[in-house]
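Next come the chains, spelled out residue by residue.
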Amino acid sequence: PPPALYPAPALRGFGRTSPRVTRMGKGNHGRLTRSLGLRHVFALSTGAMLSSGLFLLPGIAAAKAGPAAALAYLLAGLLAVPAMLSVSELATALPKAGGAYYFLERALGPAVGTVAGFGTWLSLVLKDAFAMVGMSAYLVLILDVNATVLALVLIAMFTLVNVVGSKASASLQLVLVVVVLGAMAWFIVEGLAETASRGFDGSNLDPFFTTGVSGIATVVGLVFVSFGGLTKVASAAEEVEDPSHRIPLGMALSLATATALYTLGVLVVVALVPPDVLHGDLAPVHTAAQAILPKVGVWLVVVAALAAFSSAVNAGILAAARYPMAMARDGLLPARMGTLSRFGTPVVGVVMTGAAIAFVVLAFDIESIAKLASAFVLLTLGLVNLAVLVLRASEIRSYAPAFRSPLYPFTQLAGMAISGYLIVRLGVSALVFVVVVSALGWAWHHLYATPRTDRAGAIRHVFRRWGRGVDETLEREISAAMAGHGLRSVDDYPGLIARAVVLSVPAGTDITEAAARAAAVLSDRIGVPTELVTERFLETGSLWIQPSDDHPTATPVALFDAIQTDQLVIVRAAAGIRIPAAWGGSGELVNALFFLAGTSSDPGRSLRLAGELAGFLHSGARACGLATTEAEVKSSLLPGWAVRQYALLPEGRDADLIGRRVGGLDLPEGVEVAAVTRFGVPLLVDDSLVLESDDQLTIVGPEDVMPAPGAPAPVA
């Protein structure tokens, strides 16, 4: 990969301002860029939900449930909470393109993953086609054109936008969502005021329950398509900056916003528009706006509707296109579908998605599209809840989501029951469609994908009586996905490097001997027998190789119960060490091994640190290989920073530091004590730690303020 540029942020936030996706080995088709922030996450999820469900579907829903349709939207939003929590957990553990497909494939296996991939992609296509139908209904209010032709032109336009790049697409999404929220806030405030002035009897809210509880349950299933945008952000998780924090927060904010706007907006519509007009109206919000807003407000609502439909189609194409790409990466579809364009986008998936949306617009009626889309949204969300149950029960140590769904497993069990019940309420046609698509997906997997894949899901880890069916590579893959998060503000990457021990081994050393030397050092530091340390590295099987023309490296990772602080041992070998299959390699020759001992109590942090280290080794491996001192090795792993180490000997030049507290050291601005080692054991560094004779003091700071190597410590 090309060299990365790393700014020099404040020490404790090191790495947070330069998130990236690191390449963890060979065989990738390309890299997606982490360019989406919290506002983009919110905009993608909210924009994906605020479209036809608000501007088109209320008339159809009211025809089935009367004014209680507003209550059906509220219930649908509340019933979507378990799925939202499960998607958030999975997205923070596995921030990879493909979203729900990727979660389900890794949890339940390639067969279910293939069905889920096809089904989820199809549900997004149907939902986007539903939005295009609504867009056509509003376009005819302002343009004297053929709505179908114009819809096809718009599909082509949004397809082109998504070919150009996801950040451009997400930025457009943000603008569209702001327009929708502003216009709908005005509409709802005026509408609620008018409804209150008319009173319950004077509005169209009486009678409220026209079809009873049964009618509401049917409408809840029908309008659930409105909340299908929950999975769209997860499908672009590989492009989100700091997904551990931004995906759960963005999804929660968007679900709350969408539920409130749906409930209040539909309440205003059913209250102000007479039933005989509403039930056949494909532009109900426009009709309601004519009763309460000035002409400019009515036109603004139309603009907001068009912006909502546009944002839904835009977000839908962005998300849906990642499913064929992810499936192609896994060998479930032809490899060409997994390639990226020169813009860094999955162009084949984007074009295929746009074409499918155009076909659905031409072939299906509005209610059929809504039912079929809702059925697959519900099926996908039900399986996502099942995936959380399986991954938690698998006890894969590298499954370490930054966000964990509360009330496990009751939240997931409730979510699965909700999905099953609402699918049944949608009717026979929806059930038949789900069964047919599932059968076709299953057949495709067995006829095309089975000869091309050799992978099993985490469910094999749950049922270990299947023996050799357990996929031992899955933990390594989840580790690599977890490492792609980028650092969080609480992760101490400089401290990890500062505490590291650097060893050099002679020519002819094999990986067993190198591992034994590293294990001996780690054994002293973490209090675990050397043999057990080596066994744990082999058992974990997490090793990432960073290819290089002159200084290839590898990063073995293992987790231990006995430690609370991550430890690193760097073993350098100028002549190279070969990585056998037992260690997760395939005979590669590397010049350095970075043994990272992480903590089982916080595996996510350990894996993020491993990912950060692996990322620096892409551009800094040569500098690390050419370094002649331990301090130079460590400085090469901290671009823009310098590491200095000082032995506090009674007769040495830094003897005056002996007996002083770390918190009392007057260091230059930006310079911090990163590590204190006493008799080879790193100590917990805090302000109260008193330095003693023979301690080794390690400080880290910006290069421009650090003293030259060999100079005294920069303490006043």
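Worth saying up front: this structure is predicted, and the values here are computed from it rather than measured.

Observations concerning the overall build of the protein
Along the protein, the regular secondary structure elements total 27 helices and nine strands. Expressed as a percentage of its 716 residues, the buried residues of the protein come to 60%. Long-range contacts, defined as pairs at least 24 residues apart, comprise 80% of the intrachain contacts of the protein with a sequence gap of at least 6. Working note: accessible area of the protein is about 26100 Å², and carbon and sulfur atoms make up 62% of it.

Section: the packing of helix α6 (residues 100-108) against helix α7 (residues 110-139)
Where α6 meets α7, the axes come as close as 7 Å, and the angle between the chain directions of the two elements is 165°. Taken together, the axis directions place α6 and α7 in an arrangement best described as roughly antiparallel. α7 is crossed by α6, and the crossing has right-handed handedness. Residues Ala100, Tyr101, Leu104, Glu105 and Leu108 of α6 pack against Pro110, Val112, Gly113, Thr114, Ala116, Gly117 and Thr120 of α7. Split into classes, the residues belonging to the contact of α6 with α7 amount to seven nonpolar, four polar and one charged.

A few points about the nonpolar core
In this structure, Phe55, Leu57, Met132 and Phe187 are the most contacted members of the largest nonpolar core, which totals 141 residues. For this core, the leading source of residues is helix α18 (residues 366-394), giving 15 residues.

Some words on the packing of aromatic side chains
For the coordinates displayed, the defined rule picks out twelve aromatic pairs. With a centroid separation of 5.6 Å and 85° between ring planes, the pair formed by phenylalanine 376 and phenylalanine 433 is classed as edge-to-face. One end of the pair, phenylalanine 376, is in helix α18; the other, phenylalanine 433, is in helix α20 (residues 428-449), with 57 residues separating them in the sequence. Judged by its relative accessible area of 22%, phenylalanine 433 is partly exposed. Relative to phenylalanine 595, the ring of phenylalanine 537 lies with its centre 5.4 Å away and its plane at 90°, an arrangement referred to as edge-to-face.

Section: helix α16 (residues 322-329)
Across the eight residues of α16, seven count as buried, placing the element largely inside the fold. Downstream of α16 by a residue or two, glycine 331 has a phi angle that is positive, lying close to 85°.

Side note on the side chain of serine 226
Looking at where serine 226 falls in the secondary structure, it is placed in the loop between α10 (212-223) and α11 (230-235). Discounting residues that sit within four places of it in the chain, serine 226 has contacts with Met49, Gly53, Leu57, Tyr73, Lys127 and Tyr262.

What about the pattern of salt bridges?
Side-chain pairs of opposite charge can arise where the charged atoms are in close proximity. Following the criterion strictly, the structure yields seven salt bridges and no others. In this structure, the salt-bridge partner of lysine 634 is glutamate 630, at a minimum N-O distance of 2.9 Å. With lysine 634 and glutamate 630 both in helix α27 (residues 630-636) and four residues apart, the pair spans about one turn of that helix. A salt bridge links arginine 678 to aspartate 695, with the shortest nitrogen-to-oxygen separation between them at 2.8 Å. Remark: aspartate 695 occurs in the loop between β8 (681-682) and β9 (696-702) and arginine 678 occurs in strand β7 (residues 672-678); sequence separation between them is 17 residues. Exposure remark for aspartate 695: the relative accessible area of 1% places this residue in the buried category.

As for α7
Spanning 30 residues, α7 covers 42 Å between terminal C-alpha atoms, matching the ideal 44 Å at 1.5 Å per step. Burial within α7 is extensive, with 28 of its 30 residues counted as buried.

Reading guide: rules and limits
Positions within a chain are numbered from 1, following the residues in the order the chain's sequence is written. Only residues with pLDDT of at least 70 get local features here, since the model is predicted, and only at 80 or more are side-chain atom pairs given and counted; chain-wide, interface and lining totals rely on the full set of residues. Side-chain metrics in this entry use all non-hydrogen atoms of the structure; hydrogen atoms and water are not considered. Each helix corresponds to a stretch of at least 4 residues labelled H or I by DSSP, and each strand to a stretch of at least 2 residues labelled E; elements are numbered beginning at the N terminus. Note on exposure labels: buried denotes an accessible area under 20% of the residue type's maximum, exposed denotes more than 50%, and partly exposed covers the range between, all computed with a 1.4 Å probe on protein chains only. Contacts are assigned to residue pairs with any non-hydrogen atoms lying within 4.5 Å of each other. Calculation of accessible area relied on Shrake-Rupley with a 1.4 Å probe; when residues are assessed, cover is drawn exclusively from the protein chains displayed. Orientation is described by lines fitted to C-alpha atoms, with helices fitted over the stretch in contact, and by angles between N-to-C directions that extend from 0 to 180 degrees. Any angle between 65 and 115 degrees counts as roughly perpendicular, while under 35 counts as roughly parallel, over 145 as roughly antiparallel, and the rest as oblique. Helix crossings are classified by the rotation of the near helix relative to the far one: an anticlockwise turn of less than a right angle makes the crossing left-handed, while a clockwise turn makes it right-handed. Here the nonpolar group is Ala, Val, Leu, Ile, Met, Phe, Trp, Tyr, Cys and Pro; Asp, Glu, Lys and Arg are the charged ones; every other residue, Gly included, is treated as polar. Among the buried residues, those of types Ala, Val, Leu, Ile, Met, Phe, Trp, Tyr and Cys that are joined through side-chain atoms within 4.5 Å form a nonpolar core. Working definition: a ring pair exists when centres of Phe, Tyr or Trp rings (six-membered ring for Trp) sit within 6.5 Å. Plane angles under 30 degrees give stacked, over 60 give edge-to-face, the rest tilted. Definition used for salt bridges: Asp or Glu carboxyl oxygen within 4 Å of a side-chain nitrogen of Lys or Arg. Helices are assigned an expected span. That span is 1.5 Å times one less than the residue count.

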